Amino acid sequence: MSGIPTLTKPVPRQASANRPAQPAPAQRSNVQRASFQQERWLVDIPLSVLSEHNAWTSSGNWQGMFDCAIWLRTPAGLAHPVQLSLKYIDNGGEKIVHIDRCHPGSHRTVLLNGSFGLGVNGRVRDMGLYLLGITDPEIVVEEWHMTPQQRRAR
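Residues numbered from 1 in each chain as written. Predicted model: local features only at pLDDT ≥ 70, side-chain atom pairs only at ≥ 80, totals over all residues. Heavy atoms only, no water.

(A) Just the overall build of the chain, in detail. Along the chain, the regular secondary structure elements total one helix and eight strands. Residues classed as buried in the chain amount to 40% of the 154 residues present. Sequence separation of at least 24 residues holds for 80% of the intrachain contacts in the chain that already meet a minimum separation of 6. (Helix = DSSP H or I, 4+ residues; strand = E, 2+ residues; numbered from the N terminus. Buried < 20%, exposed > 50% of the residue type's maximum accessible area, 1.4 Å probe, protein only. Contact = heavy atoms within 4.5 Å.)

Written out as structure tokens, the structure reads:
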């Protein structure tokens, strides 16, 4: 990535922000319907990243594993725990995949990373990385990557 993106994109609050979070389903899936109160947009994911996966189809249902990492600069440290999540909208609606967490501390840089499964229902219209649990404007994205675990043959 060239340059350092800054956190300037406003993120509107969800209409359901006043409702309490729903309990996690009994299954061990990290995909949930999006519903959270504090979020910070970090970066938009180009949809071309999805097409690099060998299971990708332009329409219909497909599943694939991806790796994601993001380095953040936190000049004042973290006063609260934060969670890196991928939010996307497909034909099934708005969904969120939780990737990694970081505990509070005085650390000035944070690496959040993980592997996750993505289940897509039809065409993806929007996708981005978000930091849940904080809206601190001082946090800056240093670098990020999202890559498919199995790449399409070229």
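(B) Quick look at the nonpolar core. With 32 residues, the main nonpolar core has Leu 86, Leu 118, Leu 129 and Met 146 as its most contacted residues. When residues of this core are traced back to their parent elements, those giving at least two are β2 (39-44), α1 (48-51), β3 (61-73), β4 (82-90), β5 (93-102), β6 (109-121), β7 (126-132) and β8 (140-148). Apart from the residues lying within four places of it in its own chain, the contact partners of Leu 129 are Arg 40, Trp 41, Leu 42, Val 43, Ile 45, Cys 68, Ile 70, Leu 84, Ser 85, Leu 86, Ile 99 and Trp 144. (Core = buried A, V, L, I, M, F, W, Y, C linked by side-chain atoms within 4.5 Å.)

(C) View of the pairing of β5. Relative to β5, β4 is paired through nine bridges, and the arrangement is antiparallel. In the strand pairing of β5, Leu 86 is matched with Val 97. Counting the residues that bridge the hairpin from β4 to β5 gives two residues. (Pairing = 2+ DSSP bridges.)

(D) Representation of the sheet that holds β8. Across the sheet, three strands lie side by side as β6-β3-β8; this open sheet has antiparallel pairing. Because the sheet does not close on itself, it has two edges, and the strands there are β6 and β8. Taken over all neighbouring pairs, the strand axes of this sheet differ in orientation by 20 degrees on average, direction set aside. (Axes fitted to C-alpha atoms, helices over the stretch in contact; angles between N-to-C directions.)

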